[in-house]
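# Understanding the architecture of this molecule
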Amino acid sequence: MTAGFVLGERHRERLRSDDFQVSTPTPAADPKTTDPTTDPTTGPTTGPPTRAAGRSCPPESIETAAELGLRTDLNQIMRIVTEEGTVVWICEDGAGALYYQGKTGGRDAPLVQKKNGLFLTKVERQGEQEYEAVAENGNRIVVTGERLEVHFANGAPSEISEVAEAQ
């Protein structure tokens, strides 16, 4: 077995475990009910978006955002595919909030949230083409154009995967 395959399988198993769950934010107010200029599918429409509209994030990400009561105007600002076939999207909504969407099982595998997919809302830009997402359990995921790093809050060894393709 190759090290990449083993890392991919370990990552997939951790995604399936109870340690990984969809992260939900605690909103201060519901802009969909307090802003009269709100579009029910995309959230508030006042003010210019922080990025020009670009490539949309996966439909599964948009569906999850809608289920969580978040804006659904998610555009891809980064996409990587690791050597093991894990795909990660960093998405941004029209208000500038960042989201992480990960998927294991290969680039052509269907994305199924909570099975091989992980959607996180706690994402921050760390630098040029570097983002950090934090899961509910405290696990940190660092995404760059060169690698994907998963740092476990429980002290387990970090998983680092090299990027084969970045956009």
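Our structure is the block above this text.
Criteria and cut-off values
Residues numbered from 1 in each chain as written. Predicted model: local features only at pLDDT ≥ 70, side-chain atom pairs only at ≥ 80, totals over all residues. Heavy atoms only, no water. Buried < 20%, exposed > 50% of the residue type's maximum accessible area, 1.4 Å probe, protein only. Helix = DSSP H or I, 4+ residues; strand = E, 2+ residues; numbered from the N terminus. Pairing = 2+ DSSP bridges. Arc of directions from axis to C-beta. Contact = heavy atoms within 4.5 Å. Core = buried A, V, L, I, M, F, W, Y, C linked by side-chain atoms within 4.5 Å. Disulfide = S-S within 2.5 Å. Phe/Tyr/Trp six-rings, centres within 6.5 Å; stacked < 30°, edge-to-face > 60°.

### Details of the pairing of strand 6 (residues 117–120)
Side chains Gly117 and Phe119 of strand 6 all project onto a buried face; the interleaved residues Leu118 and Leu120 project onto the opposite face, where all are buried too. With 4 bridges joining them, strand 5 (residues 98–103) and strand 6 adopt antiparallel strand pairing. For tyrosine 100, the partnering residue across the bridge sits in strand 6 and is leucine 120.

### Details of helix 3 (residues 59–67)
Where helix 3 is concerned, the buried positions are Ser61, Thr64 and Ala65. The buried residues of helix 3 occupy an angular sector of 100 degrees when projected down its axis, which confines them to one face. Exposed and facing more than 90 degrees away from the buried side of helix 3 are Pro59 and Glu67. Residues of helix 3 that are buried make contact with strand 5 and strand 6.

### Quick word on the nonpolar core
Among the nonpolar cores identified, the biggest contains 20 residues, and Ile90, Tyr100, Ile141 and Val143 are the most heavily contacted of them. Residue assignment for this core shows that the elements contributing at least two residues are strand 3 (75–82), strand 4 (87–92), strand 5, strand 6, strand 8 (130–134), strand 9 (140–144) and strand 10 (147–151). Per element, the largest residue contribution to this core is 3 residues, and it comes from strand 3. Those residues in contact with tyrosine 100 that lie beyond four places of it in its chain are Val88, Trp89, Ile90, Leu118, Phe119, Leu120, Val123, Ala133, Ile141, Val143 and Leu148.

### Describing the state of the cysteines
The final tally for this structure, using the stated rule, is 1 disulfide. Across the disulfide from cysteine 57 sits cysteine 91; the S-S distance is 1.9 Å. Between cysteine 57 and cysteine 91, the S-S torsion sits near -120 degrees, and that sign places the bridge as left-handed. Linking cysteine 57 in the loop between strand 2 (43–44) and helix 3 with cysteine 91 in strand 4, this pair joins segments that are 34 residues apart in sequence. Since its relative accessible area comes to 4%, cysteine 57 is described here as buried.

### Some thoughts on the packing of aromatic side chains
Tallied over the full model, the rule gives 1 aromatic pair. Ring geometry for tyrosine 99 against phenylalanine 119: centres 5.7 Å apart, planes inclined by 15 degrees, an arrangement best described as stacked. Of this pair, tyrosine 99 sits in strand 5 while phenylalanine 119 sits in strand 6, placing them 20 residues apart in sequence. Look at tyrosine 99 and you get buried, because its relative accessible area is 5%.

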